[in-house]
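Next come the chains, spelled out residue by residue.
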Amino acid sequence: MVAGSKRTPENVLPHLHQIIQAVFSGKKVSGDMTAIGLVLSSAGLTLFRALLGFVVGAVSGFILALLMKLSGFVEKLLFPYLMLIQLIPVLGLAPIILSVTGDINVSRVVIAGILSFYPVATNTLSGFKAVEKDKYDLMFVYASKPRELYTKVLIPSSLPYFFTGLKIAAPMAVTASILVDTLQGDGGLGCILSQSLKHAMSIYVFWIIVFVSALIGILSSKVIGWIEIGVSPWKRTGKRSRKVRT
Amino acid sequence: MDEKRAVEIRTRNLGVTFKDNQGRDVLALTNVNLEIYKGEFIALLGPSGCGKTTLLRCVADLQQPTEGDLHIQGMTPKEVRLQKKFGFVFQQPVLFDWRTVKKNVELPLEIMGYTKKERSELADEMLEMVGLKDFAKHYPKQLSGGMQQRANIARALGLKPDILLMDEPFSALDEFTKEKLHEDLLRIWRETNKTILFVTHSIQESVFLSDRVCVLSPHPGRLSAVVDIDLPRPRSLDMRDEPHFNELVAKVRNSFEGGSV
């Protein structure tokens, strides 16, 4: 069922059932790989780099938010530049990073990191800023040390915001990683994506990739949500148990 | 009541001036002279803008006086705060969502460096006192407003502070919950014998709870009268129907400068 590379309206925008059939088709599209096999093995390559970049971005985003909270000077100094980096289109940023690092795998990590970093940093920072004055006053009356203010109040308060940042960042990291793939022809989802678009491969491969990447994006966000619930027992109990009255 | 009593908190010509948005000076509180005895229940009563919360915050070292001075047990508020002798109950419960009720009560004890066992025992004791023993493992969001405020009080009591500062703690609660908490608070006060400063804008509440009502008037905030409340202790809710209670309420109401509020 996997058609050749000749473009007709039918195979530029195939029916959904044709795409699903292509997923389960055993026909080889590249060497000895079936369409779905090719997509999944490329996805593995792309996803692993995306995940690495995502973790790097999330950790550095959190640390930077903490630094910006600790010092208003750091915030004033860094925030405009963070926004500036965010404003450069990935399409423009990717070749720059590639030429700097000289390695496509490192570039994938770096780009995914840069994209994850901003939503995590801004959300976490607003989490720190959302802590009510009463909580500071409370800790002040108890003569707590600054370190205790952070570990016992500010950091736990910021966690829901941090996770919101992660949920935004995760699909972005995946998308960015796919985009970087398109720059160089050595595998990855983006690479076969552009090949299938340029008639070098079945159009079904293109559509499978579109659906698979969408699925990965949704899943990545979901997984973050599950992790959040996993580490926050107070959120688990909220819905099911009823409120107790005096 | 007549034996020689130790003065716990003394203010002399206490005044606080704020800067408003335009940088103009606003006199929030002026010329407050007050002596509060150890173990006394003092109500700070007044309409909004009278400086009652400002006075409380000065005691807690959350606000610096700009005139006069304030001493607690002969020390400055800062010294007393650093010795962790204050319990503070805010208008809002200010509980931490990610901690169970018991862990919330343990928070000040953690800061004080108590061991895990001591913390747990003290927290259990305080939760028992406010009637939340069965809800120790609940999270704040699972509790009603009244129960959250009880947890807040339990937390303030955990350190066994000499002085309990309460900033309109019951104003956001319904009348039934409020009455229940009034009785509980008086019982806890009797059992622990703390000095309590209780900020409120309810005349009835101030008369029912306190030994003395400090009446503050606004513009500028000042202490306009101190009314002795000679209702017998322990107090019960039906005392509110007695003529003497209403006389006292009227006396307090008439002591606002510029007539009734």
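Since this is a predicted model, take the numbers as computed values, not measurements.

Undergrad: Explain the overall build of chain A to me, please; I cannot follow it from the model alone.
TA: A tally of helices and strands in chain A yields 11 helices and two strands. Taken from N to C terminus, the helices and strands of chain A fall in the order α-α-β-β-α-α-α-α-α-α-α-α-α. A globule of 246 residues ought to have a C-alpha radius of gyration of about 18 Å, yet chain A, at 23 Å, is considerably larger. A principal-axis box enclosing the C-alpha atoms of chain A has dimensions of 75 × 50 × 30 Å.

Undergrad: Whenever I open this one, the interface of chain B and chain A confuses me. Can you help?
TA: Where the parts come together, the accessible area they lose is often given as the size of the interface. With 27 residues of chain B at the contact, the number on the chain A side is 21 residues. If you list the elements that add at least two residues to the side of chain B that touches chain A, you get α2 (77-82), β5 (86-89), α3 (101-112), α5 (145-158) and α6 (175-192) of chain B. Sorting elements by how many residues they give to the side of chain B that touches chain A places α3(B) first, with three residues. Within the side of chain B that touches chain A, the residues separate by chemical class into 16 nonpolar, six polar and five charged.

Undergrad: Would you mind showing me how to read helix α6 (residues 104-129) of chain A here?
TA: For an α-helix, 3.6 residues make a turn, and residues three or four places apart therefore share a direction. Residue and element names in this part refer to chain A. For α6, spanning 26 residues, the distance from its first C-alpha to its last is 38 Å, which sits close to the expected 38 Å at 1.5 Å a residue. Helix geometry: α6 is bent most strongly at phenylalanine 117, by close to 25°, with proline proline 119 lying one to four residues after it. Within α6, 22 of the 26 residues are buried, which leaves the element mostly enclosed by the surrounding structure.

Undergrad: Which parts of the structure should I look at to understand the pairing of strand β9 (residues 222-228) of chain B?
TA: Each regular strand displays side chains that alternate between the two surfaces of the sheet. Residue and element names in this part refer to chain B. With six bridges joining them, strand β8 (residues 212-217) and β9 adopt antiparallel strand pairing. Bridged to arginine 212 within β9 is aspartate 228. In textbook terms, the turn of a hairpin is the stretch between consecutive antiparallel strands, and for β8 and β9 this stretch comprises four residues, one of which, histidine 219, has a positive phi near 55°.

Undergrad: Please clarify how the packing of α3(B) against α5(B) should be interpreted in this entry.
TA: Axes are the key here: two packed helices are described by the angle between their axes and the distance separating the axes. Residues and elements named next belong to chain B. Where α3 contacts α5, the axes come no closer than 8 Å and their chain directions differ by 30°. In terms of orientation, α3 lies roughly parallel with respect to α5. Here the hand of the crossing between α3 and α5 comes out right-handed. Residues Val101, Asn104, Val105, Leu107, Pro108 and Leu109 of α3 pack against Ala151, Ala154, Arg155 and Gly158 of α5.

Undergrad: What am I meant to see in the nonpolar core here?
TA: Across soluble globular proteins, nonpolar side chains show a tendency to be buried alongside one another. Membership of the largest hydrophobic core comes to 133 residues, with the highest contact counts inside it found for Ile111(A), Ala173(A), Val205(A), Leu44(B), Leu165(B) and Phe198(B). Per element, the largest residue contribution to this core is 15 residues, and it comes from helix α8 (residues 146-181) of chain A. Lining this core are residues from two domains, each supplying at least three of them: domain 1 (1-85 + 163-261) and domain 2 (94-160) of chain B. What Phe198(B) contacts, discounting residues up to four positions off in sequence, is Phe41(B), Ile42(B), Ala43(B), Leu44(B), Met166(B), Leu209(B) and Ser210(B).

Undergrad: Help me out: how do you make sense of the domain arrangement of chain B in this one?
TA: Residues and elements named next belong to chain B. On domain assignment, one finds that chain B holds domain 1 (1-85 + 163-261) and domain 2 (94-160). Taken over C-alpha atoms, the centre of domain 1 sits 25 Å from the centre of domain 2. At the junction of the two partners, domain 1 supplies 11 residues and domain 2 supplies 10 residues. The leading source of residues in the side of domain 1 that touches domain 2 is α6, at five residues. Grouping the amino acids of the side of domain 1 that touches domain 2 by side-chain chemistry returns seven nonpolar, two polar and two charged.

Undergrad: Help me understand the sheet that holds β8(B) in this model?
TA: In sheet architecture, strand pairing relies on hydrogen bonds along the backbone and comes in two forms, parallel and antiparallel. Residues and elements named next belong to chain B. One open sheet accounts for six strands, arranged β5-β6-β7-β3-β8-β9; its pairing is mixed. If you trace the sheet from one side to the other, it starts and ends with β5 and β9, each paired once. Geometrically, the sheet is characterised by an average inter-axis angle of 15° between neighbouring strands, direction not taken into account. Examined bridge by bridge, β5 and strand β6 (residues 163-167) share four bridges and lie parallel to one another. Bridge pairing links valine 89 to methionine 166 in β6.

Undergrad: Looking at this structure, how should I read the sheet that holds strand β1 (residues 7-19) of chain B?
TA: Residues and elements named next belong to chain B. Taken in spatial order, the three strands of this open sheet run β2-β1-β4, and their pairing is antiparallel. Looking at strand neighbours, the two that pair on one side only are β2 (25-37) and β4 (67-72), the edges of this open sheet. The sheet shows a mean angle of 20° between the axes of neighbouring strands, taken without regard to direction. For β1 and β4, the ladder comprises five bridges, and the chain directions are antiparallel. By the bridge assignment for β4, isoleucine 9 is matched with isoleucine 72.

Undergrad: Before we go on, may I ask you to explain the environment of Ala43(B) in this structure?
TA: Residues and elements named next belong to chain B. By secondary structure assignment, the location of alanine 43 is in strand β3 (residues 41-45). For alanine 43, a count of 28 C-beta atoms within 10 Å gives the class buried. Expressed as a C-alpha distance, the spacing of alanine 43 and histidine 201, which sit 158 residues apart in the sequence, is 9.6 Å.

Undergrad: Sorry, what's going on with helix α4 (residues 72-87) of chain A here?
TA: Taking 1.5 Å as the rise per residue, α4(A) with 16 residues should run 22 Å; its terminal C-alpha atoms sit 23 Å apart, in good agreement. Among the 16 residues in α4(A), zero count as buried, and that is only a small part of the element.

Undergrad: I keep staring at the packing of helix α5 (residues 90-101) of chain A against α8(A) and nothing clicks. Help me out?
TA: Residue and element names in this part refer to chain A. One can describe the packing of α5 onto α8 by two numbers: an axis separation of 10 Å at closest approach and a directional angle of 60°. With respect to their mutual orientation, α5 and α8 come out oblique. Crossing handedness for the pair α5 and α8: right-handed. Across the interface between the two elements, Val90, Leu91 and Ala94 from α5 touch Ala176, Leu179 and Val180 from α8.

Undergrad: Please explain the pairing of β6(B) as it appears in this structure.
TA: Where burial is concerned, most of β6(B) is hidden: five out of the five residues are buried. Handedness of the crossover joining β6(B) and strand β7 (residues 195-200) of chain B through α6(B): right-handed.

Calculation criteria
- Residues numbered from 1 in each chain as written.
- Chains lettered and ligands numbered in written order.
- Predicted model: local features only at pLDDT ≥ 70, side-chain atom pairs only at ≥ 80, totals over all residues.
- Helix = DSSP H or I, 4+ residues; strand = E, 2+ residues; numbered from the N terminus.
- Rg over C-alpha atoms; globule rule 2.2 N^0.38 Å.
- Contact = placed C-beta atoms within 7 Å.
- Nonpolar A, V, L, I, M, F, W, Y, C, P; charged D, E, K, R; others polar.
- Expected span 1.5 Å × (residues − 1).
- Bend = angle between axes of the 7 residues up to and from the residue.
- Buried ≥ 20, exposed ≤ 12 C-beta atoms within 10 Å, placed from the backbone.
- Pairing = 2+ DSSP bridges.
- Axes fitted to C-alpha atoms, helices over the stretch in contact; angles between N-to-C directions.
- Parallel < 35°, antiparallel > 145°, perpendicular 65-115°, else oblique.
- Left-handed = near helix turned anticlockwise from the far one by under 90°.
- Core = buried A, V, L, I, M, F, W, Y, C linked by C-beta atoms within 7 Å.
- Domains from an automatic or database assignment.
- Right-handed = clockwise from strand over helix to strand, strands pointing away.

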